[in-house]
Each structure stands twice: as C-alpha cells, then as structure tokens.
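A structural walkthrough
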Amino acid sequence: MSQSASAEAVVREYYDALRDGDPLAPYFADDERTVKFGISESLFGGSEIAAALEEQTETTDEWTVESTNLVVDERDGFATVADEVTMAWTKTTTGERYRFDSRWSATLVERDSADDSSASDWRFVSMHVSAPREL
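Here goes a summary of the coordinates provided. (Residues numbered from 1 in each chain as written. Predicted model: local features only at pLDDT ≥ 70, side-chain atom pairs only at ≥ 80, totals over all residues. Heavy atoms only, no water.)

**A closer look at the overall build of the protein chain**
The helix and strand inventory of the protein chain stands at two helices and seven strands. Listed N to C, the secondary structure of the protein chain is α-β-β-α-β-β-β-β-β in terms of helices and strands. Counting all 135 residues of the protein chain, 41% fall into the buried class. Once local pairs closer than 6 in sequence are excluded, the contacts in the protein chain between residues at least 24 apart make up 51%. Of the roughly 7,800 Å² of accessible surface on the protein chain, 45% is carried by carbon and sulfur atoms. (Helix = DSSP H or I, 4+ residues; strand = E, 2+ residues; numbered from the N terminus. Buried < 20%, exposed > 50% of the residue type's maximum accessible area, 1.4 Å probe, protein only. Contact = heavy atoms within 4.5 Å. Areas by Shrake-Rupley, 256 points an atom, 1.4 Å probe, with all protein chains shown as cover.)

**Section: the environment of Ala79**
If you trace the backbone, Ala79 turns up in strand S5 (residues 78–91). If near-sequence neighbours (up to four positions away) are discounted, Ala79 is found in contact with Ala7, Val72, Asp73, Glu74, Ala106, Thr107, Leu108 and Trp122.

**With respect to a negative patch on the surface**
A cluster of acidic residues, Glu74, Asp76, Glu110 and Asp112, forms a negative patch on the protein surface. Of note, Asp76 is situated in the loop between strand S4 (71–74) and S5. (Patch = residues over 30% accessible without salt bridge, like charges linked within 9 Å, V, L, I, M, F, W, Y side chains within 5 Å. Salt bridge = Lys/Arg side-chain N within 4 Å of Asp/Glu carboxyl O. Lys, Arg positive; Asp, Glu negative; His and termini not counted. Charge placed at Lys NZ, Arg CZ, Asp CG, Glu CD.)

**Quick notes on the side chain of Lys36**
One can find Lys36 in strand S1 (residues 35–38). Within the structure, Lys36 has its side chain in polar contact with the side chain of Glu41 (distance 2.8 Å). (Polar contact = N/O pair within 3.5 Å; in protein donor to acceptor, adjacent residues only side chain to side chain.)

**A closer look at the pattern of salt bridges**
In total, this model carries seven salt bridges according to the counting rule given. A salt bridge links Arg75 to Asp73, with the nearest nitrogen and oxygen atoms 2.8 Å apart. For Arg123, the salt bridge is made with Asp121, and the minimal N-O distance between the two is 3.2 Å. Given a relative accessible area of 7%, Asp121 falls into the buried group.

**What to know about the packing of aromatic side chains**
In this structure the tally under the stated criterion is ten aromatic pairs. Measuring from centroid to centroid gives 5.2 Å for Tyr14 and Phe124, while their planes differ by 70°, and the two rings are edge-to-face. Here the residue Tyr14 occupies a position in helix H1 (residues 7–20), and Phe124 occupies one in strand S7 (residues 120–130), the gap between them amounting to 110 residues. In this structure Tyr14 comes out as buried when scored by relative accessible area, which is 2%. When the ring of Phe37 is compared with that of Phe44, the centres are 5.6 Å apart and the planes differ by 80°; the resulting orientation is edge-to-face. Its relative accessible area of 48% is what places Phe44 among the partly exposed residues. Aromatic ring contacts, followed pair by pair, group Tyr14, Tyr15, Tyr27, Phe28, Trp104 and Phe124 into a single cluster. (Phe/Tyr/Trp six-rings, centres within 6.5 Å; stacked < 30°, edge-to-face > 60°.)

**Remarks on the nonpolar core**
Core analysis: the biggest nonpolar cluster contains 30 residues, and Tyr14, Tyr15, Phe28, Trp104, Phe124 and Met127 have the highest contact counts within it. Broken down by element, this core gets its largest block of residues, seven residues, from H1. Other than its neighbours up to four places away in sequence, Tyr15 contacts Val65, Ser67, Leu70, Asp83, Val85 and Trp104. (Core = buried A, V, L, I, M, F, W, Y, C linked by side-chain atoms within 4.5 Å.)

Set out below in structure tokens:
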C-alpha cells in the first residue's frame with residue numbers, strides 16, 4: 001500500500017489487490033470495531049476480517065473487478081466511498097464461477113504511518129458489499 005495516497009487511490013489499490021490475489025487484510029483497520037459485510041457474510045473485528053479475507057484469497061482465483069461509479073468524499077481524517085462494481089471470481093475448490101453486479105459503500109479513516117510520522121495512509125473501518133436480490 002503506498003504511503004500518503006488519497007483515499008480514492010487506496011480504494012483503487014484495494015481493487016487491484018483483489019484482482020491480483022494479494023493480501024487484503026492490510027487495507028482494514030485492525031480494530032474490534034471494524035466491520036465488513038459481504039454478499040454472504042457479516043464480519044466483526046479486524047482479526048475476524050483478516051481470517052476471512054485470507055481464506056477468500058486462498059480459495060478464489062481469476063477475479064475481475066470493474067468499478068463503474070466510484071464516488072469518494074475525503075474529509076479531514078475520514079472518507080466515504082460508494083461504487084457500483086461488477087465482480088466475478090472462480091471458487092478454486094469447485095471450479096464454479098460467480099458473478100455479481102454489486103453495490104459498495106465504505107468508510108475509511110486516515111491513520112498515521114508507524115514507519116514515517118510525516119506520512120499517512122487510509123484503512124477501511126466499515127465496508128458493505130451487496131447485490132440485488134434475484135426474484
């Protein structure tokens with residue numbers, strides 16, 4: 001994750017990491033109050049999120065992530081995110097392909113970097129990914 005990046009740049013880096021199969025946990029605050037709601041999951045706390053993301057990375061492949069309407073409102077120390085994302089992946093254990101036209105909303109907070117007091121970076125403290133229900 002690059003230092004001193006804008007919140008929007010960090011969101012785009014997260015999408016790239018998802019596509020590339022890179023670790024995703026570093027994008028989330030390691031805090032018991034951090035939450036992530038996915039299409040079929042509700043995760044509470046940084047360690048639960050990290051474990052679920054590690055399992056996701058190990059059991060999925062061939063990700064596509066197509067952002068079509070990214071809106072980021074960066075304020076003093078926090079940012080809100082909304083996006084419409086077409087995403088697809090292959091479950092490596094079954095070979096089954098999944099595809100969703102999803103909606104994303106998230107909040108990021110700016111954290112001082114432990115490596116350089118003049119640099120900062122952004123971490124998700126909440127993320128909600130949903131897909132329209134098929135009727």
